[in-house]
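# Understanding the architecture of this molecule
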Amino acid sequence: MTSGTLPTRRALVALLVLALALRLAYALGLDPLAPYEDQGGDMGWYLDVGYRFSRGEVDVVVPSGPVYLLFVGFWQHLLGRGAGAVIAIRIAQALLSTATVYFAFRMARRLIDDARAGLIAAGVLAISPVFVLEQAQILTETLYLFLVMGGLALFQAIAGRVRDGEPIPAGAAAGAGAIFGLATLTRAVFLLYPVALAIFLGWLGGRRAARLAATLLAVYAAVVLSWTAYNWIRFKEVVIGAQGITSFAYMGARGWGGPQELDARLLEDVPGHAEQDPSLNNRDPALIEGTLRTIQADPLGYAWRRVSELGSAYLQPHGTVLFPGESIKALARAWLQDDRSPGGLLRLARGDWFGAKLALYLFHYAALMLGLAGIWLTRHRWPLMLPLAGLIAYLTLVHLVLMVTPRYLFPLEPIFVIFAACALRLLWARRDAQRTARSAG
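A brief look at the structure comes next. (Residues numbered from 1 in each chain as written. Predicted model: local features only at pLDDT ≥ 70, side-chain atom pairs only at ≥ 80, totals over all residues. Heavy atoms only, no water.)

## Structural notes on the overall build of the chain
Formally: By the criteria applied, helices consist of DSSP H or I runs no shorter than four residues and strands consist of E runs no shorter than two, each listed in order from the N terminus. Only protein chains enter the area calculation, which uses a 1.4 Å probe; residues under 20% of their type maximum are buried, those over 50% are exposed, and those in between are partly exposed. In what follows, a contact means two residues having at least one pair of non-hydrogen atoms within 4.5 Å. The protein chains shown are the only cover counted for residues, whose accessible areas, like all others here, come from Shrake-Rupley with a 1.4 Å probe.
Across its full length, the chain carries 20 helices and 0 strands. Counting over 441 residues, the chain shows a buried share of 48%. Across the chain, contacts joining residues at least 24 apart in sequence account for 76% of those joining residues at least 6 apart. Carbon and sulfur atoms provide 65% of the accessible area of the chain, an area that totals close to 20900 Å².

So this is what it looks like as structure tokens:
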């Protein structure tokens, strides 16, 4: 069965319908006014600032990129602040999340030239609990994933055509650059990866590919620097992508205990910075100095903090915080250390939202382990594999320096699922080949 056959198309359509149905059923069952009550939380902040930003009422530089603010602001501007806007945002995000499922199908299918790998990836993303849960949150992840996965799917297609010597319209490279630019203006951590992709493309295919890479970079830079120009013209401040990288580097060195604790630690590390800037509006020099002092005081401790925090973020599935009650990890640790009895294990299984949290763990760990196997098994198709595996390496290296939580690594989850789907398909094909060989023998 190939990607062009009718059964494959029907299966894909069925998976996309299932994905959309699950997302709408969950999202529309939530209280549409709850995000407005999230005072002090990220959802309330995005709704409030997005509404004011879309109306031109924000008179300071916003710390995030503008794309998600404009997205949530548009619906509130159109429908007014209230339940209708949140419902519209959630419906739109359900559609974006479903499109992400389709992009995963395209990339997995292209990676090993097998539609069944694409269907496995699409099926996993369609029913994976974390993707159903996340798209209902008024947060950047769903839009960011849609843009990153869409851009990578287009870039992978370009790389495949370059590898095969096929003609490629310049508009494809320009489109990839524009999509990557919007992704960076949604989550600025993506800032340098499109540059790496452009270098890879130019190296892959010689002079013709170099022109495509230059087009991609030019459009990408134009999109990203439009936000820089806006902030310079209006506020006379230089912003590339977003603000806050120095804060994340400092929190990576000192840990995160909340805004007040961050301020207290910064005053402890750099006592004179408050007198130099009493408003604390420009703390970048103090944050850089505080980070360097922390590293110099205990370089081994800093290295251990970064490695252990990154490892914990990889091992903890994203989405468990959406369920109340004690964490499975804490309960399991307590059982292993203090109990180890069948009765204690039964009490663990009866914990708050145990089934839902267990499902998150199972999907997450299966994606990680099979995904790593898939990277190895697809290494011979490196022109198509490296753009995806490179994102895993890029975000891992970035968060060796910047503070990291499971949420910040969540954009890697669909990449691991794509590689996991390819691993399953390749291992199954290998098993079939061995059976055939034994039968023939």
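Further notes follow.
## Focus on helix α5 (residues 115–127)
For an α-helix the count is 3.6 residues per turn, leaving residues at separations of three or four pointing the same way. Cut-off, in case you're wondering: Take the number of residues in a helix, subtract one, and multiply by 1.5 Å to get its expected span. Polar contacts, as counted here, are pairs of nitrogen or oxygen atoms within 3.5 Å of one another; within protein the pair requires one atom able to donate a hydrogen and one able to accept it, and residues that are adjacent in sequence qualify only if both atoms are side-chain atoms.
The terminal C-alpha atoms of α5 lie 19 Å apart, and with 13 residues this matches the ideal 18 Å at 1.5 Å per residue to within 8%. For α5, the set of buried residues is Ala115, Ala117, Gly118, Leu119, Ala121, Ala122, Gly123, Leu125 and Ala126. Packed against the buried residues of α5 are α1 (6–27), α4 (83–112), α6 (129–134) and α20 (413–440). For α5, the side-chain oxygen to backbone nitrogen distance between the N-cap and arginine 116 is 2.8 Å, and the N-cap itself is aspartate 114.

## Looking at the packing of α4 against α5
What counts here: Note on method: axes are straight lines fitted to C-alpha atoms, helices fitted across the in-contact stretch only, with angles between N-to-C directions ranging 0 to 180 degrees. We call two directions roughly parallel when the angle between them is under 35 degrees, roughly antiparallel when it is over 145, roughly perpendicular when it lies between 65 and 115, and oblique otherwise. Note on convention: the crossing is left-handed when the near helix lies turned anticlockwise from the far helix by less than a right angle, right-handed when the turn is clockwise.
Taken N-terminus to C-terminus, the directions of α4 and α5 make an angle of 150 degrees; their axes are 7 Å apart at the nearest point. In this view, α4 runs roughly antiparallel relative to α5, as classed from their interaxial angle. As for the relative orientation of α4 and α5, their crossing is right-handed in sense. Residues Thr100, Val101, Ala104, Phe105, Ala108, Arg109 and Ile112 of α4 pack against Ala115, Ala117, Gly118, Leu119, Ala121, Ala122, Leu125 and Ala126 of α5.

## Some points on the side chain of histidine 399
With respect to the helices and strands, histidine 399 occurs in the loop between α18 (382–398) and α19 (406–409). The contact partners of histidine 399, leaving out residues within four places of it in the chain, are Val189, Arg306, Leu310, Val404, Tyr408 and Leu409.

## A short note on the pattern of salt bridges
The condition is simple: Any Lys or Arg side-chain nitrogen found within 4 Å of a carboxyl oxygen on Asp or Glu counts as a salt bridge.
One pass over the full model with this rule turns up 13 salt bridges. Where glutamate 57 meets arginine 55, a salt bridge forms, and the shortest distance between an N and an O atom there is 2.9 Å. For glutamate 57, a relative accessible area of 40% puts it in the partly exposed group. Each member of the salt-bridge network shares a partner with another, and the members are Asp42, Glu141, Arg187 and Arg407.

## Section: the nonpolar core
Generally speaking, nonpolar side chains in soluble globular proteins are found buried as a group. For the record, the criterion: Only buried residues count toward a nonpolar core. Its members are Ala, Val, Leu, Ile, Met, Phe, Trp, Tyr and Cys residues joined through side-chain atoms within 4.5 Å.
Among the nonpolar cores identified, the biggest contains 117 residues, and Leu152, Phe180, Leu391 and Phe419 are the most heavily contacted of them. With 15 residues, the top contributor of residues to this core is helix α9 (residues 193–235). In this structure, leucine 391 is in contact with Val148, Leu152, Phe190, Tyr193, Leu412 and Ile415, ignoring residues within four places of it in sequence.

## Side note on the packing of helix α10 (residues 245–254) against helix α14 (residues 299–315)
The geometry of a pair of packed helices is captured by two quantities: the angle between their axes and the separation between those axes. Selection criterion: Charged means Asp, Glu, Lys or Arg here, nonpolar means Ala, Val, Leu, Ile, Met, Phe, Trp, Tyr, Cys or Pro, and polar covers whatever is left, Gly included.
Closest axis-to-axis distance for the α10/α14 pair is 8 Å, and the angle between their directions is 105 degrees. What the angle tells us is that α10 and α14 run roughly perpendicular. Here α10 contributes Gly252, Ala253 and Arg254 to the contact with α14, which in turn contributes Tyr302, Arg305 and Arg306. Taken together, the residues of the contact of α10 with α14 sort by class into 2 nonpolar, 1 polar and 3 charged.

## Description of the packing of aromatic side chains
Note the following rule: A pair of aromatic rings is counted whenever rings of Phe, Tyr or Trp (Trp by its six-membered ring) have centres within 6.5 Å, and the orientation is called stacked for planes under 30 degrees apart, edge-to-face for over 60 and tilted otherwise. Remark: a charge is flagged as sitting over a ring if the NZ atom of Lys or the CZ atom of Arg is within 6 Å of the ring centre and within 35 degrees of the ring normal.
Summed over the entire model, instances satisfying the criterion amount to 21 aromatic pairs. With centroids separated by 5.9 Å and ring planes inclined at 70 degrees, the aromatic side chains of phenylalanine 53 and tryptophan 227 adopt a geometry described as edge-to-face. Taken together, the residues phenylalanine 53 in helix α2 (residues 42–54) and tryptophan 227 in helix α9 connect sequence positions 174 residues apart. A residue is classified by how much of its surface remains accessible, and phenylalanine 53, at 12% relative accessible area, is buried. Judged by relative accessible area, tryptophan 227 falls into the buried class, the value being 4%. Measuring from centroid to centroid gives 5.6 Å for tryptophan 203 and tryptophan 382, while their planes differ by 45 degrees, and the two rings are tilted. In this pair, tryptophan 203 sits in helix α9 while tryptophan 382 sits in helix α18, placing the two residues 179 residues apart along the sequence. For tryptophan 382, a relative accessible area of 34% translates into the label partly exposed. In this structure an aromatic cluster arises from ring pairing among Tyr144, Phe180, Phe190, Tyr193 and Tyr394. Here arginine 379 stacks its cationic end above the ring of tryptophan 376, 3.8 Å away from the centre of that ring. Taking the ring centre of tryptophan 428 as reference, the NZ or CZ of arginine 431 above it sits at 4.8 Å.

## Some words on the side chain of threonine 246
Examined against the element boundaries, threonine 246 turns out to sit in helix α10. Exposure remark for threonine 246: the relative accessible area of 14% places this residue in the buried category. Excluding residues that lie within four positions of it along the chain, threonine 246 makes contacts with Asp284, Leu287 and Ile288.

## Side note on the environment of phenylalanine 103
As for its position among the elements, phenylalanine 103 is in helix α4. Residue classification places phenylalanine 103 among the buried residues on the basis of a relative accessible area of 17%. Taking the C-alpha atoms as reference, phenylalanine 103 lies 9.8 Å from proline 414; in sequence the two are 311 residues apart.

Function cannot be read off these values alone, since they describe shape.
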